[in-house]
Number of protein chains: 2
Amino acid sequence: MQRYFIQKGNWQDDHVTITGDDYHHIVNVMRMEPGAEILCNHPDGNVAHCKIAKVENETVFADILHWLDSETESPISITIAQGLPKGDKWEFILQKATELGASRIVTFQAERSVVKWDDKKVSKKIARWGKIVKEASEQSHRNQIPTVDGVLSLQALLEESQSYQWKFFAYEEEAREQQSSKLHDYFSKINKGDTVFVCIGPEGGFSVNEVEQLKAASFQAVRLGPRILRTETAPLYVLSSLSYYFEEMR
Amino acid sequence: MQRYFIQKGNWQDDHVTITGDDYHHIVNVMRMEPGAEILCNHPDGNVAHCKIAKVENETVFADILHWLDSETESPISITIAQGLPKGDKWEFILQKATELGASRIVTFQAERSVVKWDDKKVSKKIARWGKIVKEASEQSHRNQIPTVDGVLSLQALLEESQSYQWKFFAYEEEAREQQSSKLHDYFSKINKGDTVFVCIGPEGGFSVNEVEQLKAASFQAVRLGPRILRTETAPLYVLSSLSYYFEEMR
């Protein structure tokens, strides 16, 4: 069944009103008519099974039939902080990290980031980023849309990370050392409901200076398996492993 | 250190000769000269630390200094069989599945594959596929290059799968049923050295007919976390989880 994320103001008692892009999708793309059924996600994470009552004035009016009991959100609240990568990799990461259950996805200007984005460029992109994570949330049947932010400075990132219980950074050098701490040494201590912050470098990895700042801010260096992963593959490894351990094993 | 995969015939006693693309890369791209050190991967999976002795006649002559003791290959031999997807997703999967440790990566013509490739089209592409997995193996510091094959029929795929110890297919319907078998129920029974075959549908998933054939060939339906993953995300989830469980937990 088609799924739509509906803003808080559009919910009244047991009715939902749908406008804008979602109205267009329902009426012009899906060609639904009164009687058709859809899923509507409330911003609080709950999902309502709804039936379309009428369509008028560029608005779809739907009645809530019942609330669903579905668990598609990770029991761990995880933020992915990605060193700004080249080309369209950031948009790729937004889509894939959403599918794989991230709560928050932010990018930061790393020393070795090849591209530099100023606020003007970001302000043009932010709506597009929101659209990517909204569509990926709908497609993957999530109940929450991840929050997106960027491009932060490393300093802003470290300040934000202070409120998190677990902080890691992917460090290529660790992959080569078999005696280093393994991801599981940390995952095994995390409890459901905990908050996790994972920082990943851009294509060239972290600079020595950045590694020092991360360590000073209580980030633990982890390896992500014994192979060297590209920057855009690293968050997918973290999120898949976290899902496997907390959603499929326990 | 730069890494090159060298064919068996180019190894003699404690010397290696390097020609073709790799010669070009060493001499023209990296601009290395006698005295420079490189890593050379033997097809048997061993890696030699080498020093360039001389460069002449479009050939690099290198001496083996010593053999490395490195473990970057998964203890589980895993084949990813991917329903032929749209656009450039197959090449994306080749690169990412290599980074994440797959032994063999094959594609098959699924009923719901939107594109159809004939042998003529495949024969033009196969060299490019080989190049993608070779480069991804070098970049991720693997000791083995995965084998690539396609486009197989489902029947050929099922015949090939007979020699494997564990056979799974990703089934979207299972993700919605919380009581279904979890990936871990199977992973927990797999031993290091075992062979695993994982079959993933194209964008539209498997047809009812294909699901019946897979089940008849002893494939187990598994869910890959509670969210619905895109076809190109599914193999990354499987490989990351397998790496986490067998390389980072145990």
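In what follows, the structure referred to is the one given above.
The sections below set out a description of the structure shown in this document. (Residues numbered from 1 in each chain as written. Chains lettered and ligands numbered in written order. Predicted model: local features only at pLDDT ≥ 70, side-chain atom pairs only at ≥ 80, totals over all residues. Heavy atoms only, no water.)

Scanning chain A from terminus to terminus reveals eight helices and twelve strands. Principal-axis analysis of the C-alpha atoms gives chain A an extent of 60 × 45 × 30 Å. Counting across all 250 residues of chain A, residues that qualify as buried make up 54%. In chain A, of all internal contacts separated by at least 6 residues, the share reaching a separation of at least 24 is 74%. (Helix = DSSP H or I, 4+ residues; strand = E, 2+ residues; numbered from the N terminus. Buried < 20%, exposed > 50% of the residue type's maximum accessible area, 1.4 Å probe, protein only. Contact = heavy atoms within 4.5 Å.)

Looking now at the state of the cysteines. All names here are of chain B. Per the stated rule, a full pass over the model turns up zero disulfides over all chains. Cys50 provides the cysteine sulfur closest to Cys40, a residue in no disulfide bond, and the two sulfurs are 3.8 Å apart. With a relative accessible area of 0%, Cys40 lands in the buried category. (Disulfide = S-S within 2.5 Å.)

Attention now goes to the packing of helix 2 (residues 89-99) of chain A against helix 3 (residues 119-139) of chain A. Helix packing for two helices is described by the angle between their axes and how far apart those axes are. Residue and element names in this part refer to chain A. Viewed as axis vectors pointing N to C, helix 2 and helix 3 meet at an angle of 30°, and their least axial separation amounts to 8 Å. Here helix 2 is positioned roughly parallel relative to helix 3, judged by the angle of their axes. Taken as a pair, helix 2 and helix 3 cross one another with a handedness that is right-handed. Along the contact surface, helix 2 presents Trp90, Glu91, Leu94, Gln95, Thr98 and Glu99, while helix 3 presents Arg128, Trp129, Ile132, Val133, Ala136, Ser137 and Gln139. Counted by class, the contact of helix 2 with helix 3 contains six nonpolar, four polar and three charged residues. (Axes fitted to C-alpha atoms, helices over the stretch in contact; angles between N-to-C directions. Parallel < 35°, antiparallel > 145°, perpendicular 65-115°, else oblique. Left-handed = near helix turned anticlockwise from the far one by under 90°. Nonpolar A, V, L, I, M, F, W, Y, C, P; charged D, E, K, R; others polar.)

Applying a rotation about an axis and a shift along it to one chain copy brings it onto the other copy. Superposing chain A onto chain B takes a rotation of 180° combined with a translation of 0.0 Å along the rotation axis, leaving an RMSD of 0.0 Å. Expressed as an axis order, the relation between the two copies is that of a two-fold axis. Scanning chain A for the C-alpha nearest the rotation axis identifies Ser241(A), at a separation of 2.5 Å. Here 100% of the interface residues in chain A have copies in chain B that are interface residues too; the copies meet face to matching face. (Least-squares fit on C-alpha atoms with pLDDT ≥ 70 in both.)

On to helix 7 (residues 208-216) of chain B, then. For an α-helix, 3.6 residues make a turn, and residues three or four places apart therefore share a direction. Residue and element names in this part refer to chain B. Three or more residues of helix 7 are buried, namely Glu210, Val211 and Leu214. Within helix 7, the buried residues cover an arc of 100° as seen down the axis, which keeps them to one side. For helix 7, exposure combined with an orientation more than 90 degrees from the buried face picks out Val208, Glu212 and Ala216. Count one or two residues on from helix 7 and you reach Ser218, which has phi positive near 70°. (Arc of directions from axis to C-beta.)

Turning to the interface of chain A and chain B, a few remarks are in order. The interface is formed by 41 residues belonging to chain A together with 41 residues belonging to chain B. For chain A, the biggest contributors to the area lost against chain B are Arg227(A), Tyr244(A) and Glu248(A); these three give 22% of the whole. At the junction of chain A and chain B, the tally comes to eight salt bridges. Taking the shortest distance from any N to any O, the salt bridge between Lys96(B) and Glu232(A) comes out at 2.9 Å. Of all the secondary structure elements, the ones that give two or more residues to the side of chain A that touches chain B are helix 2, helix 6 (183-187) and helix 8 (234-249) of chain A. Tallying contributions element by element places helix 8 of chain A first for the side of chain A that touches chain B, with ten residues. (Buried area = accessible area lost by both parts, 1.4 Å probe. Salt bridge = Lys/Arg side-chain N within 4 Å of Asp/Glu carboxyl O.)

Residues and elements named next belong to chain B. Relative to the elements of secondary structure, Arg3 occurs in strand 1 (residues 3-5). An unpaired buried charge is present at Arg3: no salt bridge exists, and Glu73, the closest side chain of opposite charge, is 7.7 Å distant. Among the polar contacts listed, one links the side chain of Arg3 to the side chain of Asn41, at a separation of 3.3 Å. Polar contacts involving the side chain of Arg3 include one to the side chain of Asn143, which spans 3.3 Å. (Lys, Arg positive; Asp, Glu negative; His and termini not counted. Polar contact = N/O pair within 3.5 Å; in protein donor to acceptor, adjacent residues only side chain to side chain.)

Here the focus is the environment of Gln213(A). Residues and elements named next belong to chain A. Within the fold, Gln213 resides in helix 7 (residues 208-216). As a C-alpha pair, Gln213 and Gln2 span 211 residues in sequence and 45 Å in three-dimensional space. With near-sequence residues (within four places) excluded, Gln213 lies in contact with Leu154 and Leu158.

Our next topic: the pattern of salt bridges. The tally for this structure, following the rule as stated, stands at 30 salt bridges over all chains. Residues Glu248(A) and Arg223(B) are paired through a salt bridge, measuring 2.6 Å at the closest nitrogen-oxygen approach. Placement of the pair is Glu248(A) in helix 8 and Arg223(B) in the loop between strand 12 (220-222) and helix 8 (234-249), with the two residues belonging to separate chains. On the basis of relative accessible area, Arg223(B) is assigned to the buried category, the value being 6%. Note that Glu73(B) is salt-bridged to Arg142(B), the shortest N-O span being 2.8 Å. Taken as a pair, Glu73(B) in the loop between strand 6 (59-67) and strand 7 (77-83) and Arg142(B) in the loop between helix 3 (119-139) and strand 9 (147-152) lie far apart in primary sequence, 69 residues in all. Connected through shared salt-bridge partners, Lys89(A), Glu203(A), Arg230(A), Glu232(A), Lys96(B) and Glu99(B) make up one network.

Our focus in this paragraph is the packing of helix 8 of chain A against helix 8 of chain B. Where helix 8 of chain A contacts helix 8 of chain B, the axes come no closer than 8 Å and their chain directions differ by 75°. Accordingly, the angle class assigned to the pair helix 8 of chain A and helix 8 of chain B is roughly perpendicular. Here helix 8 of chain A contributes Leu236(A), Tyr237(A), Ser240(A), Ser241(A), Ser243(A), Tyr244(A), Tyr245(A), Glu248(A) and Met249(A) to the contact with helix 8 of chain B, which in turn contributes Leu236(B), Tyr237(B), Ser240(B), Ser241(B), Ser243(B), Tyr244(B), Tyr245(B), Glu248(B) and Met249(B). Residue composition of the contact of helix 8 of chain A with helix 8 of chain B, grouped by class: ten nonpolar, six polar and two charged.

Attention now goes to the sheet that holds strand 8 (residues 104-108) of chain B. All names here are of chain B. Sheet architecture is open: six strands sit in the order 9-8-7-11-10-12, paired in parallel fashion. The sheet is open, and its two borders are formed by strand 9 and strand 12, each paired with just one other strand. Shown here is a sheet whose adjacent strand axes are inclined to one another by a mean of 20°, direction ignored. Note that strand 7 and strand 8 share five bridges and pair parallel. Across the sheet, residue Gln82 finds its bridge partner in strand 8, namely Thr107. (Pairing = 2+ DSSP bridges.)

With that out of the way, let us pick up the environment of Asp149(B). Residue and element names in this part refer to chain B. With respect to the secondary-structure elements, Asp149 resides in strand 9. Given the relative accessible area of 26%, Asp149 is considered partly exposed. Considered as a pair, Asp149 and Val16 are 133 residues apart in the sequence and their alpha carbons are 29 Å apart. Setting aside residues up to four positions removed in sequence, Asp149 forms contacts with Trp90, Arg104, Ile105, Val106 and Thr107. Here the side chain of Asp149 touches Arg104 through a polar contact of 3.2 Å, side chain to side chain.

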